[in-house]
Amino acid sequence: MGVIEDVYEDLDTDVEFEEFEAAVEDKVEQMGGLADEETAAMLIAHELRDEEADTIADIEPGMNDVKFLGKVTSIGDVRTFERDGEDAEEGRVCNVDVADASGSVRVALWDDMAAAADEELEVGQVLRVMGRPKEGYSGLEVSADKVEPDEDAEVDVQVLDTYRVEDLSLGASDVDLVGQVLDTDSVRTFDRDDGSEGRVANLTVGDETGRVRVTLWDDKADLAAEFEAGEVVEVGDGYVRERDGDLELHVGDRGTVERVDEDVEYVPETTDIADLEIGETVDIGGGVIETDPKRTFDRDDGSEGQVRNVRIKDDTGEIRVALWGDKADREIDLADRVVFTDVEIQDGWQDDLEASANWRSTVTVFDEGAEASTGARGTDDERRDGADTGLGAFADDASGAGDESGDATTTAGDAAAADSSGGGAATATATAEEVEFTGTVVQTGDPVVLDDGQRTKSVETDASLRLGEEVTVRGAERDGTIHAEDVF
């Protein structure tokens, strides 16, 4: 047995010996005598081994013929097409999705293989596939040269009728997923390489296992405008791709997004504001305590951009969030409870941390008004007014709440009337009522502002207080401000 036969015998390949031997001879000739038959045979064997895909996730566009195992998860219809040339026979193709534990890929079967698939292939069968990977219309696909069932092989993959977010894997196709809409974006246009215009939009959906960005292409992009946050939708016939390290669920020509009458719970896992560090990309949430108007600016390329700042507070601290682009148009009001996902933590104004919500981020308003659990500070103008801007001020029934501040206002009004008729003592008593108030410091300086989750109070004090510190103040309250004599 010669050296070429020895190398071939050690090689696990579907390539015939005659083809292997011819490749070795070509390699010897190409190298101009720099390699003998044994070296050339080993080089060819190495090239063949390089195309062995251990898993479907190892397959990449541009590789030569690859060989892999996969379990059939779906079988498409056989389609016909016209080949070039007057005497050319009609072509046939059938797309089959196969998967292993690492992911899924679409395999294109041509002509006789397509007919055989239509008659003999079944979902759940394990196939040994050899073919050429390429970037297809719906992502990576393999154009099959040879496909045969392998009854002895086992592939550990579960064929799902309906996916959850945690079930998604790179390359999966024919994905049906039900989730709650968390955020939507407007339609954007772009120029394709062939000069045509493409359209794309995104929405983000979540379920009890996580969230995923859904990318809608071309005619499907208009679907993003049909849904609102909080609605439950079913994505049908989607396929999974990766972008910037994250999985996305894409919807093309065959895909659908429809509103469904189902209950889906999404519970975000957020990072405490006190634990944030510069450079992180995180999810944060809290109650809105400050809102600023939207501002526009000119970009370097001459286009106009927009940004809006809001400030949120959780149990550990507070942070300003910059909403860029379409995010600036979101309806976010004082006392809303919001969650921002995939925000970048940056060094903000006056050395404070700032969260930046860009195109990747989502903005979800979960509760509004009195349902939120954190206080509302208000706009800069409202804070200067010195009025009570607690959550009660934003609740639908705030006017009838009858809380302490409401009682004090009534008493003050009665006292003013008494003063006009000679009752000055009553006025002094009403406007200098001694009160005790416990809350979290949400603003330092002059005045200090405390928030107890229901109301905010302005406090005049010489005590040195820190943001986030919980304190109790006692003193006379005049014109809505507590003049603290004791702070503890």
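Residues numbered from 1 in each chain as written. Predicted model: local features only at pLDDT ≥ 70, side-chain atom pairs only at ≥ 80, totals over all residues. Heavy atoms only, no water.

Take the overall build of the protein next. If you tally the helices and strands in the protein, you get seven helices and 25 strands. Each of the 488 residues in the protein was classed as buried or not, and the buried ones make up 44%. Counting every atom, the protein has about 26,300 Å² of accessible surface; 41% of that belongs to carbon and sulfur. (Helix = DSSP H or I, 4+ residues; strand = E, 2+ residues; numbered from the N terminus. Buried < 20%, exposed > 50% of the residue type's maximum accessible area, 1.4 Å probe, protein only. Areas by Shrake-Rupley, 256 points an atom, 1.4 Å probe, with all protein chains shown as cover.)

This part is about the environment of Leu109. Inspection of the secondary structure puts Leu109 in strand β4 (residues 103-110). With relative accessibility at 3%, the residue Leu109 sits in the buried group. A sequence separation of 34 residues divides Leu109 from Ser143, and the C-alpha atoms of the two residues are 6.8 Å apart. Beyond its immediate sequence surroundings of up to four residues, Leu109 is in contact with Arg92, Val93, Cys94, Val96, Ala114, Ala117, Ala144 and Val147. (Contact = heavy atoms within 4.5 Å.)

Our focus in this paragraph is the nonpolar core. Counting 23 residues, the largest nonpolar core has Val175, Leu177, Val205, Val214, Leu216, Leu249 and Val257 as its most contacted members. Sorting the residues of this core by element identifies β7 (175-184), β9 (197-207), β10 (210-217), β11 (232-243) and β12 (246-251) as the ones contributing at least two each. Contacts of Leu216, omitting those with residues within four sequence positions, involve Arg199, Val200, Ala201, Leu203, Ala221, Leu223, Ala224, Val251 and Val257. (Core = buried A, V, L, I, M, F, W, Y, C linked by side-chain atoms within 4.5 Å.)

Glancing now at the pattern of salt bridges. With the rule as written, the count across this model stands at 24 salt bridges. A salt bridge links Arg106 to Asp97, with the nearest nitrogen and oxygen atoms 3.0 Å apart. Assigned by exposure class, Arg106 and Asp97 land together as buried. Residue Arg211 is joined to Asp283 by a salt bridge in which the shortest nitrogen-to-oxygen separation is 2.7 Å. Within this pair, whereas Arg211 is found in strand β10, its partner Asp283 is found in strand β14 (residues 281-291), the two being separated by 72 residues in sequence. When its relative accessible area of 24% is taken as the criterion, Arg211 is described as partly exposed. (Salt bridge = Lys/Arg side-chain N within 4 Å of Asp/Glu carboxyl O.)

What follows is about a nonpolar patch on the surface. There is a patch of nonpolar side chains on the surface, built from Met31, Leu34 and Leu43 and spanning about 290 Å² of accessible area. Within the secondary structure layout, Leu34 lies in the loop between α2 (17-30) and α3 (37-50). You can call Leu34 exposed: its relative accessible area is 75%. (Patch = residues over 30% accessible without salt bridge, like charges linked within 9 Å, V, L, I, M, F, W, Y side chains within 5 Å.)

Once that is clear, we can look at helix α4 (residues 112-120). Turning to α4, its buried residues are Ala114, Ala115 and Ala117. Buried positions in α4, seen along its axis, are confined to an arc of 160° and lie on one side of it. Away from its buried face by more than 90 degrees, α4 exposes Asp112, Glu119 and Glu120. Of the surrounding elements, those touching the buried residues of α4 are β3 (91-100) and β4. (Arc of directions from axis to C-beta.)

With that settled, the discussion passes to the confidence of the model for the protein. Confidence along the protein averages 79 in pLDDT terms, with 81% of residues attaining 70 or more. Helix α6 (residues 404-420) is the least confidently modelled element of the protein, averaging 35 in pLDDT, while strand β13 (residues 256-259) averages 95, the highest of any element. A low-confidence stretch, residues 368-431 (pLDDT under 50), is modelled with 95 contacts involving residues beyond four sequence positions or located in other chains. (pLDDT = per-residue confidence, 0-100.)

A separate point is the packing of aromatic side chains. Applying the stated criterion across every chain, the model contains five aromatic pairs. With a centroid separation of 6.0 Å and an interplanar angle of 85°, the aromatic rings of Phe81 and Trp110 are classed as edge-to-face. Within this pair, whereas Phe81 is found in strand β2 (residues 79-81), its partner Trp110 is found in strand β4, the two being separated by 29 residues in sequence. When the centroid spacing of 5.9 Å and the interplanar angle of 85° are considered together, the rings of Phe297 and Trp324 count as edge-to-face. One end of the pair, Phe297, is in strand β15 (residues 295-298); the other, Trp324, is in strand β17 (residues 318-324), with 27 residues separating them in the sequence. The partly exposed category is assigned to Phe297, whose relative accessible area is 31%. Put simply, the rings of Tyr8, Phe17 and Phe20 touch in pairs and so form one group of aromatic residues. (Phe/Tyr/Trp six-rings, centres within 6.5 Å; stacked < 30°, edge-to-face > 60°.)

Phi at Asp237 takes a positive value of approximately 55°, unusual for a residue other than glycine. By secondary structure assignment, the location of Asp237 is in strand β11. Positioned with a positive phi, Asp342 is a non-glycine residue whose angle comes to about 55°.

Take the side chain of Arg308 next. Its place among the elements puts Arg308 in strand β16 (residues 304-313). A polar contact of 3.1 Å, which involves the side chain of Arg308, links it to the backbone oxygen of Asp292. Beyond its immediate sequence surroundings of up to four residues, Arg308 is in contact with Thr291, Asp292, Pro293, Lys294, Val321, Ala322, Leu323, Ala328, Arg330 and Ile332. (Polar contact = N/O pair within 3.5 Å; in protein donor to acceptor, adjacent residues only side chain to side chain.)

Attention shifts here to the pairing of β14. Burial of β14 is extensive: ten of the eleven residues sit out of reach of the surface. When β14 meets strand β18 (residues 337-347), the two strands line up antiparallel, connected through six bridges. Each residue of the ladder has a partner; that of Thr281, found in β18, is Glu344. Looking at chain direction, β14 and β16 are connected through four bridges and run antiparallel. Within β16, the residue paired with Thr291 across the bridge is Val310. (Pairing = 2+ DSSP bridges.)

Residues Asp6, Glu9, Asp10, Glu25, Asp26, Glu29, Asp36, Glu37 and Glu38 make up a contiguous surface patch of negative charge. Every element with two or more residues in the negative patch is listed here: α1 (3-9), α2 and α3. For the negative patch, the element with the most residues is α2, which contributes three residues. The residue Asp36 is located in the loop between α2 and α3 in this model. Judged by relative accessible area, which is 44%, Asp36 ranks as partly exposed. (Lys, Arg positive; Asp, Glu negative; His and termini not counted. Charge placed at Lys NZ, Arg CZ, Asp CG, Glu CD.)

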